[in-house]
Amino acid sequence: FCNELGRRDYVTGEMWKNKLPFRLCLNRAAADEIIWHAKHYTGRGVMKFYPTGEDLAKDMGVPLQTLVDAHQKHFEAAKKQEKDPEGGPFPAY
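What counts, and where the lines are drawn
For every chain, the first residue of its written sequence is number 1, and the numbers climb from 1 along that sequence. Only residues with pLDDT of at least 70 are given local features in this predicted model, and only at 80 or more are side-chain atom pairs given and counted; all residues enter the totals for whole chains, interfaces and linings. Only hydrogens and water are set aside when side-chain values are computed; all heavy atoms of the structure are taken into account. What counts as a helix is a DSSP run of H or I of at least four residues, what counts as a strand is a run of E of at least two, and both are numbered from the N terminus. Relative accessibility thresholds used throughout: buried, under 20% of the residue-type maximum; exposed, over 50%; partly exposed, between the two (1.4 Å probe, protein chains only). By definition in these notes, contact holds between two residues if any of their heavy atoms fall within 4.5 Å. Throughout, the Shrake-Rupley method with a 1.4 Å probe supplies accessible areas, and for residues the shown protein chains are the sole cover considered. Working note: the arc is built from the helix axis to C-beta atom directions. Here, a salt bridge means any Lys or Arg side-chain nitrogen found within 4 Å of an Asp or Glu carboxyl oxygen.

1. Some thoughts on the overall build of the chain
Within the chain, the regular secondary structure consists of 5 helices and 0 strands. Each helix and strand of the chain, ordered N terminal to C terminal, gives the series α-α-α-α-α. Across the 93 residues that make up the chain, the buried fraction comes to 16%. Within the chain, residue pairs in contact and separated by at least 24 positions form 31% of the contacts whose partners lie at least 6 positions apart. Here the chain has roughly 7700 Å² of accessible surface; of this, 57% comes from carbon and sulfur atoms.

Below is the structure:
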């Protein structure tokens, strides 16, 4: 799991530490911000749409709680970053 909004070298480095496939999980608001890209990549089979987190977890072969825990870590990192947006040893720095 990594902060996908981090610098390109950070995100690429985190990807190299793991195995394919990689997933970018967006909520509705985030997907709407990049709607052209989401439609473009979904239409080409590079991205998938899942109606629920449970559907995503099933496709990934992991318990739903695994996704819940990962999203909680991401949320906590975002809150820390809000407090000190210019620095700190938070994900993506």
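2. Considering helix α1 (residues 8-16)
Inspection of α1 places Tyr10, Val11 and Glu14 among the buried residues, and these make up the whole buried set. Projected onto a plane normal to the axis of α1, the buried residues spread over an arc of 95° and lie on a single side. When the buried face of α1 is taken as reference, the exposed residues oriented beyond 90 degrees from it are Arg8, Asp9 and Trp16.

3. Here's the deal with the pattern of salt bridges
Pairs can form between side chains of opposite charge whenever their charged atoms are close. Applying the stated criterion to the full structure yields 3 salt bridges. Across the salt bridge formed by Lys17 and Glu14, the nearest N and O atoms sit 2.9 Å from each other. With relative accessibility at 61%, the residue Lys17 sits in the exposed group. Among the ionic pairs, Glu82 bridges to Lys79, the shortest N-O distance being 3.4 Å. Taken as a pair, Glu82 and Lys79 lie in helix α5 (residues 64-83) at a separation of 3 residues, close to a single helical turn.

All we've got here are geometric facts, nothing functional implied.
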